[in-house]
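# Structural characterization, general
As a plain string of letters, each chain reads:
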Amino acid sequence: MATRGERMQAHVLAVLQQNRRSLSAYDILGALRQSNPKLAPPTIYRALAALTENGKVHRLESLNSYVACDGHHADETRVLSICDDCGAVAETAAPDVMNDLSKLAATSGFVPSRHVVEMLGQCGDCATPEAPK
């Protein structure tokens, strides 16, 4: 039987999976308060922390928001591409990125504690110019 925390994690993950764009903890709280009006922010943050720790959710550092992991990776570096226009987030495997970053860090003696690779710009849909009318 699932614990209350595990059930909340499942609800939070479901909200994130229903969206193509990232959501803040307060966006998630608003969506879940419809069925649970007494829900408080710390509950959402605990669920997000557990989901992030378990690799089911990515925290977008640049936006202070969250997106469901696409689940198609096992210990490989992922690049998160975030559209400035529509907010869509795409996850792409980038196996050579970590090697390149590690080499770069080693040249300066820097020891990273974690890696977050994000790109901001326009997705293919938003970057495509509209056809002439």
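Figured I'd write up the structure that's included with this text. Starting afresh in each chain, residues are numbered from 1 along the sequence in its written order. Where totals are concerned, whole chains, interfaces and linings use all residues; where local detail is concerned, this predicted model gives features only for residues with pLDDT of at least 70, and gives and counts side-chain atom pairs only at 80 or more. To get the side-chain values, all heavy atoms of the structure are used, and hydrogens and water are removed first.

Once that is clear, we can look at the sheet that holds strand E3 (residues 78–83). Strands are labelled as partners when DSSP assigns at least two bridges between them. The helix count covers DSSP runs of H or I at least four residues long, the strand count covers runs of E at least two residues long, and both are numbered beginning at the N terminus. The mixed open sheet is built from three strands, whose spatial order is E4-E3-E5. Each having just a single partner strand, strand E4 (89–93) and strand E5 (118–121) make up the two edges of the open sheet. Across the sheet, the mean angle from the axis of one strand to that of its neighbour is 25°, orientation sign disregarded. Pairing of E3 with E5 involves four bridges; the strand directions are parallel. Looking at the pairing, isoleucine 82 lines up with leucine 120 of E5. Structural elements are reduced to axes, namely lines fitted to C-alpha atoms, with helices fitted over the stretch in contact, and the angle between N-to-C directions of any two is expressed from 0 to 180 degrees.

Next up on the list: unusual backbone geometry. Positive phi outside glycine occurs at asparagine 64, with the angle close to 50°. Relative to the elements of secondary structure, asparagine 64 occurs in the loop between strand E1 (57–60) and strand E2 (65–68). A relative accessible area of 45% means that asparagine 64 is categorised as partly exposed. Accessible area is worked out with a 1.4 Å probe on protein chains only. A residue is then buried under 20% of its type maximum, exposed over 50%, and partly exposed in between.

For the rest of this paragraph, the subject is the packing of helix H1 (residues 4–17) against helix H3 (residues 41–53). The description of two helices packed together rests on the angle between their axes and the distance between the axes. Axis separation between H1 and H3 bottoms out at 9 Å; the angle between their running directions is 80°. Considering their axes alone, H1 and H3 lie roughly perpendicular with respect to each other. Residues Met8, Gln9, Val12, Leu13 and Leu16 of H1 form the contact with H3, whose participating residues are Thr43, Ile44, Ala47, Leu48, Ala50 and Leu51. Here the nonpolar group is Ala, Val, Leu, Ile, Met, Phe, Trp, Tyr, Cys and Pro; Asp, Glu, Lys and Arg are the charged ones; every other residue, Gly included, is treated as polar. Of the residues assigned to the contact of H1 with H3, the class counts are nine nonpolar, two polar and no charged. Reported orientations rely on four angle classes, namely roughly parallel under 35 degrees, roughly antiparallel over 145, roughly perpendicular from 65 to 115, and oblique for the rest. In what follows, residue pairs with any heavy atoms lying within 4.5 Å of each other are defined as contacts.

Nothing here speaks to function; it is geometry throughout.
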